[in-house]
Amino acid sequence: MTFNLQEECQTLQQDISNYTIPNDHDVRNMDQAAVVDLLDGAIEATAQSSDAITQVEIFDVYRSLLKGIDALNSATISKLLDSISSGLLGEVDAAQRTLDTPDADSTALSEHKRPLEYYAFLLQWFVLAADKVVQARGPPSPSSKPKRGAKGKAGGKKKGGTIADVVGPWTWESQIPVTLALISKVLRLKTHRLWTTSAERDAFINCVTRPAYIITESEAYMKNNEVRLGVYKIICLAVKHHGHGFGAQISIMQCLQYFEHLSEPMAEALTVLAKEFDHSQLAEEILREIAGKQFNAQDTKGPRSFSRFLIRFAELSPRILLKQISLLLCHLDSESYPMRMALVEVIGMLIREIAMSDEGEQESREKKINNLFELLTERFLDLSSYVRAKVINTLSRLCDLPVKFPKQRLVSTELTIGALEDKASSVRRYAIALLTKLILTHPYGLMHGGLLRIEEWETRYKAVSAELEQVETKEMERPPVEKEGEGDEDETEDSDEEEDDDGAAETDESDSTNMQSSPVKSTPARTPKTLKRQAITSSCSRDLSRSKSIATPGLGEITEGEEMDIDEDDDDDEGFDERMDDLLDVAMEDSKESFDEFSEHDDMDETPSKQSVRSSRARSSSVVATAKIASTPARRSGVPKTPRTVKPSGKKPKKKKKKAHQSEALDLSALTNEQAALAALESNHILHLRLRKRYYAEGLNFIRQIEGAMEILGQLLGSKNKPEVLEAMEFFRVAYEYQFLSAELGIKKMLHLIWTKDNSSTTEDGNELKGVRSRLIECYRSLYFDPLPDMEPKQQVNRIAKNMIQLTYDATLAELTSLEELVRTMIDDDQIHSDVVSKLWHVYSSDRQLPKNQRRGAIIILGMLAVAKRHIVSERIEVLLKVGLGPLGKADLILARYTCIALQRLNGSVKNVKGSLLDKSVRLPMDSPIFRKLQDMIEHPCRSKDWFGMAEQAINTIYLLGEHPDQLCNDLIKNLTRRAFDRQPSSIVKRDPDAMEEDINQADRSGTASATSQATDISTDMGDSFLLSQLVFVVGHVAIKHIVFLEFVEKEWKRQKEEKEKEEKTKRKATGATKPLSKDGEELDQVAGNAEDEIGERIAAVRETELLYGAESLLAIFGGMIVHICGSPHKFKSQILRTTATLSFSKFLCVSSQFCDQHHRLLFKILETSSDPNIRSNIVIALGDVAVSFSNIFDENSDELYKGLSDRDLIVKKNTLMVLTHLILNGMIKVKGQLGEMAKCLEDTDTRIADLAKLFFTELSTKDNAIYNNLPDVISHLSVGEHAVDEETFQSTMKYIFSFIEKEKQAENIVEKLCQRFRLAEDPRQWRDIAFCLSLLPFKSERSMKKLIEGLPFYQDKLHEETVFNRFNDLLVKARTNRSANKPDSELKEFETILTEHKQQGEEDQALEKRVEGKRAAAKKRATRRN
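Conventions and cut-offs
The written sequence of each chain sets the order in which its residues are numbered from 1. For a predicted model such as this one, the threshold for reporting local features is a pLDDT of at least 70, and the threshold for listing and counting side-chain atom pairs is 80 or more; totals across whole chains, interfaces and linings nevertheless cover every residue. Note: side-chain values were computed over all heavy atoms of the structure, leaving out hydrogens and water. Under the DSSP-based scheme used, a helix requires at least four consecutive residues in state H or I and a strand at least two consecutive residues in state E, with every element numbered from the N terminus. Remark: exposure states derive from per-residue accessible area (1.4 Å probe, protein chains only) relative to the maximum for the residue type, with buried under 20%, exposed over 50%, and partly exposed in between. Here, two residues are considered to be in contact whenever any of their heavy atoms come within 4.5 Å of each other. Residue burial considers only the protein chains on display, and all accessible areas are found by Shrake-Rupley using a 1.4 Å probe. Salt bridge, as used here, is a side-chain nitrogen of Lys or Arg placed within 4 Å of a carboxyl oxygen of Asp or Glu. Pairs of N or O atoms within 3.5 Å make up the polar contacts considered here, provided that, within protein, one atom can donate a hydrogen while the other can accept it, and that residues adjacent in sequence are counted only when both atoms are side-chain atoms. Between 30 and 60 degrees the pair is tilted, below 30 it is stacked and above 60 it is edge-to-face, where a pair is any two Phe, Tyr or Trp rings, Trp via its six-membered ring, whose centres lie within 6.5 Å. To sit over a ring, a charge needs its Lys NZ or Arg CZ within 6 Å of the ring centre and within 35 degrees of the ring normal. Angles shown run from 0 to 180 degrees and are taken between the N-to-C directions of axes, each axis being a line fitted to C-alpha atoms and, for helices, limited to the stretch in contact. Here the word oblique covers every angle except those under 35 degrees (roughly parallel), over 145 (roughly antiparallel) and from 65 to 115 (roughly perpendicular). For any helix crossing, the convention is left-handed if the near helix is rotated counterclockwise from the far helix by under a right angle, and right-handed if that rotation is clockwise. In this count, Pro and Cys sit with the nonpolar residues alongside Ala, Val, Leu, Ile, Met, Phe, Trp and Tyr, while Asp, Glu, Lys and Arg are called charged and the others, Gly among them, polar. In this scheme, patches are assembled from residues that exceed 30% relative accessible area and form no salt bridge. Like charges are connected within 9 Å, while nonpolar side chains (Val, Leu, Ile, Met, Phe, Trp, Tyr) are connected within 5 Å. The charge count includes Lys and Arg as positive and Asp and Glu as negative, but it does not include His or the ends of the chains. Charged side chains are reduced to one point each, which is NZ for Lys, CZ for Arg, CG for Asp and CD for Glu. The quantity called pLDDT is the predictor's confidence in a given residue, expressed from 0 to 100. Take the number of residues in a helix, subtract one, and multiply by 1.5 Å to get its expected span. Pairs of cysteine sulfur atoms within 2.5 Å are identified as disulfides in what follows.

Asker: So what exactly am I meant to see when it comes to the overall build of the protein here?
Answerer: Secondary structure summary: the protein contains 68 helices and two strands in total. Evaluated residue by residue, the protein yields a buried proportion of 51% over its 1427 residues. The contacts of the protein with a sequence gap of at least 6 include a subset with a gap of at least 24, amounting to 78%. Split by element, the accessible area of the protein, about 68800 Å² in all, is 50% carbon and sulfur.

Asker: Help me understand the pattern of salt bridges in this model?
Answerer: Once their charged atoms are close, side chains differing in charge can pair, the charge on each being opposite to the other. Evaluated as defined, the whole model comprises 58 salt bridges. Notably, a salt bridge pairs Lys-1057 with Glu-1061, separated by 2.7 Å at the nearest N-O pair. Taken as a pair, Lys-1057 and Glu-1061 lie in helix α50 (residues 1025-1070) at a separation of four residues, close to a single helical turn. The exposure class assigned to Glu-1061 is partly exposed, which follows from its relative accessible area of 24%. The partner of Glu-1106 in a salt bridge is Arg-1098, and the shortest N-O contact between them spans 3.2 Å. Overall, the relative accessible area of 34% leaves Glu-1106 in the partly exposed class. Taken together, the shared-partner salt bridges connect Glu-730, Arg-733, Glu-737, Arg-775 and Glu-778 into one network.

Asker: In this structure, what is going on with the side chain of Thr-1140? I would like to understand it.
Answerer: Within the secondary structure layout, Thr-1140 lies in helix α53 (residues 1135-1149). Separated by 2.9 Å, the side chain of Thr-1140 and the backbone oxygen of Ile-1136 make a polar contact.

Asker: I tried to follow the packing of aromatic side chains on my own but got confused; where do I start?
Answerer: Remark: the centre distance and the inter-plane angle together describe each pair of aromatic rings, the angle taken between the planes. What the rule picks out here adds up to 32 aromatic pairs. Aromatic side chains Tyr-780 and Tyr-784 sit 5.4 Å apart centroid to centroid with 40° between the ring planes, which places their arrangement in the tilted category. With Tyr-780 and Tyr-784 both in helix α36 (residues 772-785), this residue pair falls four residues apart, about one helical turn. By relative accessible area, Tyr-780 is classed as buried at 1%. Using a relative accessible area of 6% as the deciding quantity, one classes Tyr-784 as buried. Between Phe-1045 and Phe-1048, the aromatic rings sit 6.0 Å apart at their centres with planes inclined by 35°, giving tilted as the arrangement. Within this pair, Phe-1045 and its partner Phe-1048 are both found in helix α50, separated by three residues, close to a single helical turn. Residue Phe-1045 shares its accessibility class with Phe-1048, and that shared class is buried. Over the face of the ring belonging to Phe-1048 we find Arg-923, whose NZ or CZ atom lies 4.1 Å from the ring centre. One Lys or Arg, Lys-1399, reaches over the ring of Phe-1365 and ends 5.3 Å from the middle of that ring.

Asker: Quick question: what am I supposed to make of the packing of helix α9 (residues 176-186) against helix α13 (residues 225-242) here?
Answerer: Geometrically, a packed helix pair is captured by the angle between its two axes and the distance between the axes. Two elements in contact, α9 and α13, have axes separated by 9 Å at closest approach and are oriented at 15°. By the angle between their directions, the pair α9 and α13 is classed as roughly parallel. Pair α9 / α13 crosses with left-handed handedness. Only Glu-226, Val-227, Gly-230, Val-231, Lys-233, Ile-234 and Leu-237 of α13 make contact with α9, whose side of the interface consists of Ile-176, Pro-177, Leu-180, Ile-183 and Ser-184. Grouping the amino acids of the contact of α9 with α13 by side-chain chemistry returns eight nonpolar, two polar and two charged.

Asker: Looking at this structure, how should I read a negative patch on the surface?
Answerer: On the surface, Asp-51, Asp-103, Asp-105 and Glu-111 cluster together into a patch of negative charge. With relative accessibility at 54%, the residue Glu-111 sits in the exposed group.

Asker: Help me understand the confidence of the model for the protein, please; the structure alone is not making it clear to me.
Answerer: Atom-level detail of predicted coordinates should not be read off regions where pLDDT is low. On average, residues of the protein carry a pLDDT of 78, and 77% of them reach 70 or more. Every residue in residues 140-168 scores below 50 in pLDDT, and together they form 37 contacts with partners more than four places removed in sequence or on other chains. Contacts from residues 481-669, a stretch scored under 50 in pLDDT, to residues over four places away or in other chains number 341 contacts.

Asker: Quick question: what am I supposed to make of helix α4 (residues 74-100) here?
Answerer: Side chains three or four residues apart in an α-helix point the same way, a direct result of the helix having 3.6 residues per turn. A rise of 1.5 Å per residue sets the reference length of α4, with its 27 residues, at 39 Å; its end C-alpha atoms lie 39 Å apart and thus fit the reference within 8%. Of the residues flanking the start of α4, the one acting as N-cap is Asn-73, its side-chain oxygen 3.3 Å from the backbone nitrogen of Ala-75.

Asker: I'm lost on the packing of helix α37 (residues 793-806) against helix α39 (residues 834-844) in this one. Help?
Answerer: It is the contact of α37 with α39, at a shortest axis distance of 9 Å, that shows an interaxial angle of 65°. Here α37 and α39 pass one another in a crossing that is right-handed. Here α37 contributes Val-797, Asn-798, Ile-800, Ala-801, Met-804 and Ile-805 to the contact with α39, which in turn contributes Asp-835, Val-836, Lys-839, Leu-840 and Val-843. Here the contact of α37 with α39 is composed, by residue class, of eight nonpolar, one polar and two charged.

Asker: Would you take a moment to explain the state of the cysteines for this structure?
Answerer: Formally, a disulfide is one covalent bond, and it connects the sulfur atom of one cysteine to the sulfur atom of another. For the structure on display, the rule yields zero disulfides. The closest cysteine sulfur to the non-disulfide-bonded Cys-9 is located on Cys-207, 3.6 Å from its own sulfur. On the basis of relative accessibility, which here comes to 10%, the residue Cys-9 falls in the buried class.

Asker: What should I look at first to understand a positive patch on the surface in this one?
Answerer: On the surface, a cluster of positive charge is made up of Lys-1421, Arg-1422, Arg-1425 and Arg-1426. In this fold, Arg-1425 is placed in helix α68 (residues 1386-1426). Look at Arg-1425 and you get exposed, because its relative accessible area is 64%.

Asker: Looking at this model, I keep getting lost on unusual backbone geometry. Mind explaining?
Answerer: When glycine is set aside, most residues are seen to have a negative phi, and most peptide bonds are trans. Of note in this structure, Phe-405 is not a glycine but carries a positive phi near 50°. Tracing the chain through its elements places Phe-405 in the loop between α22 (385-398) and α23 (406-419). The phi torsion at Asp-810 lies on the positive side, around 55°, for a residue other than glycine. Within the secondary structure layout, Asp-810 lies in the loop between α37 and α38 (813-828).

Printed below as a string of structure tokens:
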């Protein structure tokens, strides 16, 4: 029998059922006992002699069993594998013994060839068959992995079959490590001695290694570490010792192409081959082959597999990959974005490897890093957002390296800031994270502790610049020490070049790209003077990098800003200065003549600190000694020996010889020596200052870049993407800790995120994300509430209280509202200690003279805390009355105002449930000292505008807490009336002696003086206008609050009636009322229902007729007076009086529909004619309340409110938009074609108004067909008439609005309506607008296109207009894109032809019309001449 191994293996790859065996045994039709006997006979033969396998009968038994292996039970399969493995092992041992025999001839060696080939063939067949058996009988069980236990299934199968073996599936995974180990042993043979021809040897090696590649195809097997290492060993041995390189290359490339899970294992195998077996040629060949491959954009599996391979290989063997990177870079332009992503990540790993390695020349490494960084930053402009995000991720990982890359960091920072406006959310998210990392790892923390407050850095930069300029001026004025000699000329040239360097350093501040401070880089065409400066920089930086005493303090050591004094002349820097002196002395001596041999090495984050001229001169004598010692090798050995530090010293002897020659020639005296030493010291000091100036310039550049990005980052806090918001919050937290100036604004803006509803944790990309709300609380807690280490508990409490108070400084109403919610949430969770609350009370009630903001902030925070826990205020009412409503409150009305708000917390914060009659509010008797104090505060003589805010909150407190607030307010109004109409002149000029005594500062004095002068202006009013303003304001606010009180009275009456009914029912049940009484009970229920209606009607009647028209109503007296003041601006010219009167008039309109019907036109008239934006803004807000109260009256004049959208004042416009948004979305007013005015706001120049308008239309789109129903009116409003806008604005507005038309049925109807509009449109501008609107529709259905074709008669005569025709062409393109692939395009082609014909016809008609007009004009002209 002839057995050709290569042919047999090829046959095995085909259909095994067609494989012919001379002595075939039909195993499938034999019983198990016969099969076992057949196998036992073969085993016995091979056991006696392993080369018995070459006998045809024995070999055919094995082949027959393998061909029918799917019919064998587990025990038989296991025995078959044991037999093949034992035979192969025996033959390998025999061959090894023969090989080890010194006098073994070729005949003896060739006897082992055939058995080894037979066994290798059988083993390959078994592995192939075993894999198919496993797939047929079920996947490998995870529990059957080897090494789980020696007594498991893996051990039992080798000893014989059991019932479980026969029934259960056969386990192959446990046998794989043993099989791989056997193949490894086979590969230990010296095959070149057994097989003399390379073809036979290659066939055997391919046959032996083939099982390993088959095993790798299973992802489950490759997860087993023992299996994976076995495969690696086989591949490495075959390649290293048996010439399997080409075969392995083909197999590995196929594995990467078709099996994605093999990407990383193949990279690991090549790494083992290169490092353990010292064979990197295969890896290089595979990299070259990958570089030559082309990847299609549509192919996802292949590029993803190869990209993972490259990344893993670059991680494990970056040096090998670096050799082939020039070839692989072609994939940066690949169509497949996974390959571009892989190259980006590979470049990052190569930068890391080069930067962290000391191999090769420094200049070469710098050049490589510069080139790689350029390639990396170019990818910021990649078309794929995934690649752009990968670039940012790669740069973020590079930030963690100890090497800081200052030059590249500045470029990366600039590009990252640009990425904040990327359209992809993931890119923006990673860009924010990178900016955070850049701050955390910045290299500017050596000298001053790492904080980046721009004001301090600018001060330091100016100081060092001024000092440098002064020293350089003195240096230029100094006469040269030596008048002749070559060395003297050299030193003069050095000085001039150094001065030029300083000029270059100054320009570096404004141009970041020119900064040459990278630790690892090379710059082409370096000039000698640049290299001189670099040499000094390198020496300084290297010495500083070794210093253990200059450690950047962590952020945990930073306490309050006022306690932290950052001073560049601090005593802590003295030791640093002394070391700097010595270092610079050495650097000057060593590099005086050899600057051109040096280049920059370390980054500028390790630049020396400030050294004073005085201390330098004081140490001049030591410098002289140092200069002498520095030239000796022993002295130079003190400098750290990093690459580029130790240089060939060819020029040193030359320098010494020159100096010796000069010494002999000039014979300098001791005085001359001293002057020379001082000159060297001055030059040394200049270099020192230049380094510091450069250091500050780069730091300022970085700070300004980050500060400039704060505005964009603040906008990203409002992103809809949750991870993006979380990253922005983390950025502002870090920036605030590093004291960036604009970070505080971001922290305040962050506060509004407390209203975010997604408080639950979610997962994205396998990472757990905190809710925005909980993350916000964490940020604020870490910044303001968490205790600092090494601080006493009392100091901790003081610090937290101070932080809370400072949060209220300069806060807007919106910020205070959000802060209240934050504080309420935190105290609900017991995150604020009671000691902090006590400290706040101490600040509020302190007898010491405190800043007003501090005392105000304390009561603001206490009021916020009381929202959640009422007892915080209820236990300290006396303090509130004594401080806030006492002399301090009278002196500071804002303090009194917030004290009133805190008193309101006595009523609790329980929200009223609609329809519920339960009332948990607290009502106090009117003789409580609280009300007496409140009345006293309101009636206290005062001429400050802050009085109105205080009076408003005081009245709110009276109505919220009082049982009968109307009684107190009656007295209050009467007293104010007497004071306002008192004709005594003293009331005008009299000033309360107690006012503004406490806590007054210079600003308040000036404010009080201006208020007094304003109040005492000459007025045409008979009385004091300010006192009248106070009266009018109180009357108006009492009126509006009394409506709320009436609602409370109504609710209380209904509650009492309900309780009374419950008592009656209880009594009836107690007296044993029988069933016949149920009819009477029903009648009683009806009577009770009528009584409840009567309560409501009675309260409504009081509000409608008695409050403003009742004979005994106090408010009725003032109604006419307020109307008269508002209607007579020429009589009442006081601005504050007109403002308060208008405000009170608006409140009166909300009380009674009768009063509103009579006088509402006056309010619209004031809105139209008033020049004061405050009055107009108040009216707009009041109209919203009037619309809610009496919608039928307001509907008639709703057009007047829309005029506010065109107001010249932004505040009025914004308030109008907000009021209309509220009214329309809540269905309180009907839209009657005015939506076009709202649409105009979409393109407003003010971003706040544009954002509000977008929010309105987004919410309106959720209403049923609201935008669809009003769309025709919006188009007409914006396209033609007096309200029309320009075409560009029209198009951008309609593009946004049409984005809400999503239903296909709506689109069809709009097509029909727009086509009909063409018929009545005469202006070409209208044609273009209508055509543009048509082009915005999706045309997803055939019906839309059919409607368009049917409307052809309406627009066929308009197609000669170029823009209109182009719009229809765009529309056809969209229709073709959306049509089904199986439907013909004939209809659209026909329509396109018709459009073209009508366009040509229209152009001809237009040309004819022009000719006719021309001839008519000419005829008219001739007729005129004849006449």
